[in-house]
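# Structural overview
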Amino acid sequence: MRLRPQPSQLAFVPFVSVANMMRLVHAIGVERFITDLAGHIEADFRRWPEFDKTPRVASHSREGVIELMPTADAESYGFKYVNGHPGNMRAGYQTVTAFGVLSSVSTGYPLLLTEMTLLTALRTAATSALVGRYLAPEGAQVMALIGNGAQCEFQALAFRALCGINRLRLYDIDPRATEKALRNLRAQGFEVTACASTQTAVEGAQILTTCTADKQFATILTDNMVGAGVHLNAIGGDCPGKTELHPDILKRAEIFVEYPPQTRIEGEIQQLDPDHPVTELWQVMRGEVPGRRDARQITLFDSVGFAIEDFSALRFVHERIRGTDFFAPLDMLADPDDPRDLFGMLDRAR
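Residues numbered from 1 in each chain as written. Predicted model: local features only at pLDDT ≥ 70, side-chain atom pairs only at ≥ 80, totals over all residues. Heavy atoms only, no water.

## So, the packing of aromatic side chains
The condition that has to hold: When the centres of two rings from Phe, Tyr and Trp lie within 6.5 Å, Trp using its six-membered ring, the rings pair. Their planes under 30 degrees apart give stacked, over 60 give edge-to-face, and anything left gives tilted. Strands are runs of DSSP state E lasting at least 2 residues, helices are runs of H or I lasting at least 4, and numbering of each runs from the N terminus. Any residue under 20% of the maximum accessible area for its type is buried, any over 50% is exposed, and the rest in between are partly exposed; the area is computed with a 1.4 Å probe on protein chains only. Whether a charge lies above a ring is judged from NZ of Lys or CZ of Arg, which has to be within 6 Å of the ring centre and within 35 degrees of the ring normal.
In total, this model carries seven aromatic pairs according to the counting rule given. Seen in terms of ring centroids, Phe 33 and Phe 316 are 4.9 Å apart; in terms of plane orientation they differ by 90°. Their pairing is edge-to-face. Of this pair, Phe 33 sits in helix 2 (residues 30-45) while Phe 316 sits in helix 10 (residues 307-320), placing them 283 residues apart in sequence. When its relative accessible area of 0% is taken as the criterion, Phe 33 is described as buried. Where Phe 45 meets Trp 48, the ring centres are 4.9 Å apart and the plane angle is 50°; that geometry is what we call tilted. Across the pair, exposure class does not vary: Phe 45 and Trp 48 are buried alike. Grouped by ring-pair contacts, the aromatic residues Phe 45, Trp 48, Tyr 259 and Phe 306 constitute a single cluster. Sitting over the ring of Phe 190, Arg 160 keeps its end group 3.9 Å from the ring centre.

## A closer look at the pairing of strand 8 (residues 167-171)
Here is the rule: A pair of strands counts as paired when DSSP detects no fewer than two bridges linking them. By convention, a crossover is right-handed whenever its connection, traced from the first strand over the helix to the second and viewed with the strands pointing away, goes clockwise.
Within strand 8, four of the five residues are buried, leaving the element largely enclosed by the surrounding structure. The pairing of strand 7 (residues 142-146) with strand 8 spans five bridges and is parallel. Bridging across to strand 8, Leu 145 finds its partner in Leu 170. In terms of handedness, the path from strand 7 via helix 4 (residues 152-163) over to strand 8 forms a crossover that is right-handed. Pairing geometry for strand 8 and strand 9 (residues 191-194), over four bridges, is parallel. When the sheet's bridge partners are listed, Arg 169 is paired in strand 9 with Thr 193. Since strand 8 and strand 9 lie parallel, the crossover through helix 5 (residues 175-187) that links them has a hand, and here it is right-handed.

## Let's talk about the pattern of salt bridges
Note the cut-off: What counts as a salt bridge is simple: a side-chain nitrogen of Lys or Arg found within 4 Å of a carboxyl oxygen of Asp or Glu.
Under the criterion given, the structure shown has 26 salt bridges. With a closest N to O distance of 3.0 Å, Asp 325 and Arg 23 form a salt bridge. With Asp 325 in the loop between helix 10 and strand 17 (328-331) and Arg 23 in helix 1 (residues 18-28), the pair connects residues that are 302 residues apart, well separated along the chain. When the shortest N-O distance is used, the salt bridge between Arg 315 and Glu 319 registers 3.5 Å. Here Arg 315 pairs with Glu 319, and both are found in helix 10, just four residues apart, close to one helical turn. On the basis of relative accessible area, Glu 319 is assigned to the partly exposed category, the value being 32%.

Nothing here speaks to function; it is geometry throughout.
Printed below as a string of structure tokens:
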């Protein structure tokens, strides 16, 4: 019997497991990781016209959604597979899980396969805080976090790292979620107050972050809760039929979005007329249009997550694992001696 020869290096793809992603994050430091990742996201937003762009491909069910999020520039192609199933927690599953691939445009060969459950949490927080640098009121010191689930601590760390926010006010309909967040955030050195209601949580906060999971039209914030001069960071409304803000808030706010064709379907602005004016964030980051214009303006980041942010995260991880042991080589690609003789490779492996 002829043994199959060892595959060449062309057969192997670097794979970053959850364990290795955690090792990588701790080797860099969580806040440094978020800050550097935000730099990659900002750099890619500033070259926005170079990317292929399309709304994500979504498969909706009564239980949740499964999505593919692709994009590419002239050199690399990236995609993320991600789900969102609000009922998962009751069965012991995560609400959101994800993995992603970065590939070479010139060969089509994958350059990286990585977990993206942790990485999505990190890039979502990095994007929120990056946008906060452009839109939050000057001198903001306090953030309200409405919804204290899996994303909560990442948002807090990102806003501290990029915007200097260290005072937090928390509320969740599930007191156990708030208890978990209090424990984690105090251990990270935050000044944290647990609140008995959304109304109480937003009092005195200059940044209001909403991050709830229910797949429905919800009113987490009503119009009377939002005063002049605040910045709204709305994360939870991210698919058709799922929102968090009362429409009257949207009509008073200056709305900033990632990619309008996707946000108008999935974001808070699905509640408005399809031609309601919005500002694209890439134009703000390129200096083509202003962000926050005055102290009394209400700004809203209608965040749904866009593929370029995942591309930035994949690019960042691919760069950071070079020369390290934070990945495993995965024998993933067929590599026959003769590229035309795929069957021969199979036959000789008997």
